[in-house]
Amino acid sequence: MNTNSLWKDAFFRLTKDKLAVASLVIVLAYFIIAILSSLGLIASGWSQEVGASNLAPSIDHFFGTDIFGRSVIMKVIRGTQVAMSVGVAASLIAIPIGVTLGALAGYFGGWVDDFVTWLYTTFSSVPNIMLLISITLILGKGIFSVYVALGLTSWVHLCRLIRGEVLKHREREYVQAAAAIGGGHLRKLFRHILPNVSHIIIINTSMQFQVAIKSEVILSYLGLGVQGEPSWGTMIDDAKLELVRGVWWQLAGATLAMFFILLALNILGDALRDALDPKLKGK
Amino acid sequence: MIKSIVSFLFGIFFLFSSCSKDRSFDERELHLISPEKIAGFDPIHASDNYSANEMGKVYEGLFEFHPLKRPYELVPNLAESLPLVSDDGLTYSFKIRAGVHFHDSPAFKDGKGRELKSDDFLYSLKRLADPKLQAKGWWLLDDKIVGLNEWRNKYVAAESSNYGDEIEGLRKIDDYTFSIKLKKPYPQFLYALAMPYTFVVAKEAVEHFAKEFLNHPVGTGPFVLPVFEQTNRIVYTKNPTFREKFYPSEGEEGDDKSGLLADAGKKIPLVDKIIVDIIVESQPKWLSFQKAKADLLEIPKDNFDTAVIAGKDLSPELRSKGIRLFANPQLDVTFFAFNHDDPLFKNKKLRQAMSIAWNRDEANKLFYNKAAIEAQSVIPPGLGGYRKEFKNPYIKFDIDQAKKLLAEAGYPQGKGLPEIKIETRNETVARQLIEHFAKNLDRIGIKIKVSMNTWPELINKVTKRQHQMYTMAWGADYPDAENFLGLLYCPYSSPGSNGANYCNPDFDNLFKMATVLQDGLERNTLYEKMNEMVAVDVPWIFGFNRTKFYLSQAWVRNYKFMEFNHSQFQYLNVDLEVKKELSKKF
């Protein structure tokens, strides 16, 4: 008989999936690059001129140079730092909001549920990008606004999932048993129910992370994101005009960087769901 | 590789579309492109350049700009001559041409166009002031003509305005003479009478078509358009009853040589038809020109490198088709403005240091294909007040001098200087331009922060004085340096057009003196003095006077760039022989 815990079991299942492992390695690699860049160990000289304007990729300049003769690869790395930090910060804001509201609504039901349901339906009825733009316009521009804007707009999906799960769990025997031995609401909710639905948070985070990265790119492309720092979005914005002249390397650098992390997060998200919630496998 | 994919796609497009034959060799047709939809044909609403261009084909005003002479010269159009101006500069008497008729239209008795009278001008000017019509061009006459504001205010709350009222400042003398009395001297007034807002309309047409008037233009102009339908094509035909108007026999030096005087003395309009296709996107515009479906084209920014080699010569492919390139310096100036409310910028040496630390030559290469001219001061070349010999010492890139000036300003190597924030438009090139500026200033130790804004946001910040610095470009409304010098006139500070909130009493005194003077040597001398005074004071960091590039097909004759070009099309001609010959190449 298998005596492993849920987590160990899930980890075992995950490692059997080669694609998932590869994705995990890619995601970890991006994290390492982002951390090294934020510590100033790599790409700190991104703003320096390394050659002439718009040099094509070569041995010296792996991804060529931009209009000001700056290295595109360094800008890609710096952009990685921005993208990953946005993913982390947005998740740190969105998860507590989504989990708390979802759990309270699912557990207590009644007017609390009505209120939370009303809140998230209202939020989700406004097109996400409009909401993002309005928030960045109110908060002013800069990376901090992007963190807050993305955090405040991306809790809805998680909240809805947690609410549904908690609703299901609160009638289960183990919760009734907890009540029978005198557990209060908070104990039942946070000590017993939440650990049993926590896999949803992990699955959701990996999905949400990529939404945050994509949104940051869109905002920066529109000029509402980071200012004075390279971002994949501003690089694509630059490329818009350069393409007709045959300068494709900035676009290639930014989109390839984006492509690999988004693909990896997507595959990882699926694999995590399969590993943590085997009943859903293949659905 | 990308280039080859693009050309492959073009190839497919051509393959499927080359079957359509759209060329006529019997009639002189001029094919043009309008990049925006036209809102309608009521002159009082001609606020954008595109509508103005269309209205200029059917409507006319008292004056127009000479199609060849530069600097721009105002010449009589429906007026017989330039007006008589009273000694105090307030009363203008206009004599209009006799024998000018409106287009034939069902609005008139028997459908025959009636003769133009001075009443028509008074009526048209009153329409501009009519509160019921909410004319977009009202600002042009606001507080300018004696009694006109009072007439307007009288009818704000009324059901309709009474055009029969006498207005002191608008007086009919006889059928061909009328006078306008101004509240205060306004030498730019004649320019207002060359703008589409003041083009003349017929009362009968306005009343007959009522709400539909904007779709039934009835003017005196060289072309007719009986009905305007909101489609993607507008077809104008020659006005059969157009008066005797002739192609000018003199122009600027060199016009003769370049063939611009070949049609001198001929009756205009020279073409039988003008076909305007409305094409908004730049790629179809480009394709349309390449297939000779358009005769003139402003080169879309992204196609510049395909059309122009090394920033100046036409590509061999286009040259083989006889296509000609026109590089046209614009009457505009780009700038980084300081907000002089900020005590930091009271320091002249700091402003000068920032100005010479910017490598304009490099910026010109990166952003304008080396085709822009470095702005010496606020007045662009081509306007009175600009002196070719004058060179601004504070625009020449000199990093050592910049460091020295910065130290003298009290910030050696930028120490003690806070980060400076520059507001700009949310647009790729605008952002890159500031990034370039910031990179340059970083070398002498000045830190610049970019702040991107939507257009309304930027205007709002400047109007409310919430900016530290901002960047923008200013284009001429009319060919008078007053339009540019006013950008630095203290009483026009925010929310007015002086967004830099620059105040210089000496400059202001000269401005007051100059703006009431009529065009002439005295005024130009004052303009020059003001222009050179502000150049060394560096109220802005001066940028560039830009250049636009146009292409014309080989068969188009008499094309010369005009900044204020709504009346230009009647002077253009089409050489059918050349067209027939060269069309084979397309």
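None of these values were measured; they are calculated from a predicted model.

## Considering the side chain of B:Thr334
As for its position among the elements, B:Thr334 is in strand E15 (residues 332–338). In this view, B:Thr334 contacts B:Tyr368, B:Met472, B:Ala473, B:Phe542, B:Gly543, B:Phe544 and B:Arg546; residues no more than four positions away in its chain are not counted.

## Examining the pattern of salt bridges
It is possible for side chains bearing opposite charge to pair when their charged atoms get close. Within the structure shown, the criterion is met by 54 salt bridges over all chains. A salt bridge links B:Glu60 to B:Arg243, with the nearest nitrogen and oxygen atoms 2.9 Å apart. Highlighted residues: B:Glu60 in the loop between helix H2 (49–58) and strand E2 (63–65) and B:Arg243 in the loop between strand E9 (233–238) and strand E10 (273–278), separated in sequence by 183 residues. Of the two residues examined, B:Glu60 and B:Arg243, each falls in the buried class. The closest approach of N and O atoms between B:Asp263 and B:Lys266, which form a salt bridge, is 2.7 Å. A relative accessible area of 0% means that B:Asp263 is categorised as buried. A relative accessible area of 41% places B:Lys266 in the partly exposed class. By sharing partners, the salt bridges in this structure join A:Asp66, A:Arg70, A:Lys75, A:Asp237, A:Asp238, B:Arg431 and B:Glu435 into a single network.

## Looking at the packing of helix H3 (residues 72–108) of chain A against helix H7 (residues 156–169) of chain A
Residue and element names in this part refer to chain A. Closest axis-to-axis distance for the H3/H7 pair is 7 Å, and the angle between their directions is 35 degrees. For H3 against H7, the interelement crossing comes out right-handed. Contact residues: Ile95, Gly98, Val99, Leu101, Gly102, Ala103, Ala105, Gly106 and Tyr107 in H3; Leu158, Cys159, Ile162, Arg163, Val166 and Leu167 in H7. Residues that form the contact of H3 with H7 fall into these classes: eleven nonpolar, three polar and one charged.

## Concerning the layout of surface pockets
Residues and elements named next belong to chain B. The space that makes up the second largest pocket amounts to roughly 1,000 Å³. Counting residues per element, the ones that place at least two in the lining of the second largest pocket are helix H5 (189–192), strand E14 (324–329) and helix H17 (521–537). Among the elements that take part in the lining of the second largest pocket, H17 stands out by supplying three residues, more than any other. In terms of residue class, the lining of the second largest pocket is built from 20 nonpolar, six polar and eight charged. Summarising the domain contributions, the lining of the second largest pocket has at least three residues from each of domain 1 (42–212) and domain 2 (332–545).

## Observations regarding the confidence of the model for chain B
Residues and elements named next belong to chain B. Taken as a whole, chain B shows an average pLDDT of 89; of its residues, 95% reach a score of 70 or greater. A low-confidence stretch, residues 14–21 (pLDDT under 50), is modelled with five contacts involving residues beyond four sequence positions or located in other chains. Interface predicted TM-score (ipTM) for the complex: 0.79; the corresponding pTM is 0.75.

## Digging into the nonpolar core
Residues and elements named next belong to chain B. Ranked by size, the top nonpolar core spans 120 residues in total, and within it Phe94, Phe189 and Trp540 carry the most contacts. With six residues, the top contributor of residues to this core is helix H3 (residues 118–129). Each of domain 1 (42–212) and domain 2 (332–545) contributes no fewer than three residues to this core. Ignoring anything within four residues of it in the chain, the contact list for Phe94 reads Leu62, Phe63, Pro83, Tyr176, Thr177, Phe178, Ile180, Phe189, Leu190 and Leu193. By size, the runner-up hydrophobic cluster in this structure holds 39 residues, among which are Tyr368, Ala402, Leu406 and Leu441.

## A few points about the domain arrangement of chain B
Residue and element names in this part refer to chain B. Looking at chain B, the domain boundaries give domain 1 (42–212) and domain 2 (332–545). With centres defined by C-alpha atoms, the gap from domain 1 to domain 2 works out at 37 Å. Taken together, the nine residues of domain 1 in the interface contact eleven residues of domain 2. Between domain 1 and domain 2 lies a buried interface of about 910 Å² when both sides are counted; carbon and sulfur atoms form 59% of it. A per-residue breakdown of the area domain 1 buries against domain 2 is headed by Pro187, Gln188 and Tyr191, which together make up 56% of the total. At the junction of domain 1 and domain 2, the tally comes to zero salt bridges. Counting the contacts that link domain 1 with domain 2 gives two residue pairs in polar contact (both at pLDDT 80 or more). Of the residues belonging to the side of domain 1 that touches domain 2, the class tally is eight nonpolar, one polar and no charged.

## A short note on unusual backbone geometry
Residues and elements named next belong to chain B. Note the cis peptide between Ile268 and Pro269, where omega equals 5 degrees. If you trace the backbone, Pro269 turns up in the loop between E9 and E10. Following Ser494, the chain continues into Pro495 via a peptide bond in cis, with omega recorded as 5 degrees. The topology assignment puts Pro495 in the loop between helix H15 (482–485) and helix H16 (505–515). Here the phi dihedral of Asp110 falls at roughly 65 degrees; this positive angle occurs in a residue that is not glycine. Inspection of the secondary structure assignment puts Asp110 in the loop between strand E5 (91–95) and H3. With a relative accessible area of 72%, Asp110 lands in the exposed category. We note that Gln134 has phi near 50 degrees; this positive angle belongs to a residue other than glycine. With respect to the helices and strands, Gln134 occurs in the loop between H3 and helix H4 (148–154). Here Gln134 falls in the exposed class, since its relative accessible area comes to 63%.

## Considerations on the state of the cysteines
Residue and element names in this part refer to chain B. Under the counting rule described, the total for this entry stands at one disulfide over all chains. Linked covalently through their sulfurs, Cys490 and Cys503 form a disulfide whose S-S length is 1.9 Å. Across the S-S bond of Cys490 and Cys503 the torsion is about 65 degrees, and the bridge reads as right-handed. Taken together, the residues span a long stretch of sequence, with Cys490 in the loop between H15 and H16 and Cys503 in the loop between H15 and H16 at a distance of 13 residues. Owing to a relative accessible area of 22%, Cys490 belongs among the partly exposed residues under this scheme. Judged by relative accessible area, Cys503 falls into the partly exposed class, the value being 43%.

Cut-off values and rules
- Residues numbered from 1 in each chain as written.
- Chains lettered and ligands numbered in written order.
- Predicted model: local features only at pLDDT ≥ 70, side-chain atom pairs only at ≥ 80, totals over all residues.
- Heavy atoms only, no water.
- Helix = DSSP H or I, 4+ residues; strand = E, 2+ residues; numbered from the N terminus.
- Contact = heavy atoms within 4.5 Å.
- Salt bridge = Lys/Arg side-chain N within 4 Å of Asp/Glu carboxyl O.
- Buried < 20%, exposed > 50% of the residue type's maximum accessible area, 1.4 Å probe, protein only.
- Axes fitted to C-alpha atoms, helices over the stretch in contact; angles between N-to-C directions.
- Left-handed = near helix turned anticlockwise from the far one by under 90°.
- Nonpolar A, V, L, I, M, F, W, Y, C, P; charged D, E, K, R; others polar.
- 1 Å grid on protein atoms, 1.4 Å probe; cavity = no way out; pocket = protein on both sides within 12 Å on 5 of 7 lines; lining within 4 Å.
- Points joined across faces, edges and corners; volume = space filled by probe spheres on them.
- Domains from an automatic or database assignment.
- pLDDT = per-residue confidence, 0-100.
- Core = buried A, V, L, I, M, F, W, Y, C linked by side-chain atoms within 4.5 Å.
- Buried area = accessible area lost by both parts, 1.4 Å probe.
- Polar contact = N/O pair within 3.5 Å; in protein donor to acceptor, adjacent residues only side chain to side chain.
- Disulfide = S-S within 2.5 Å.

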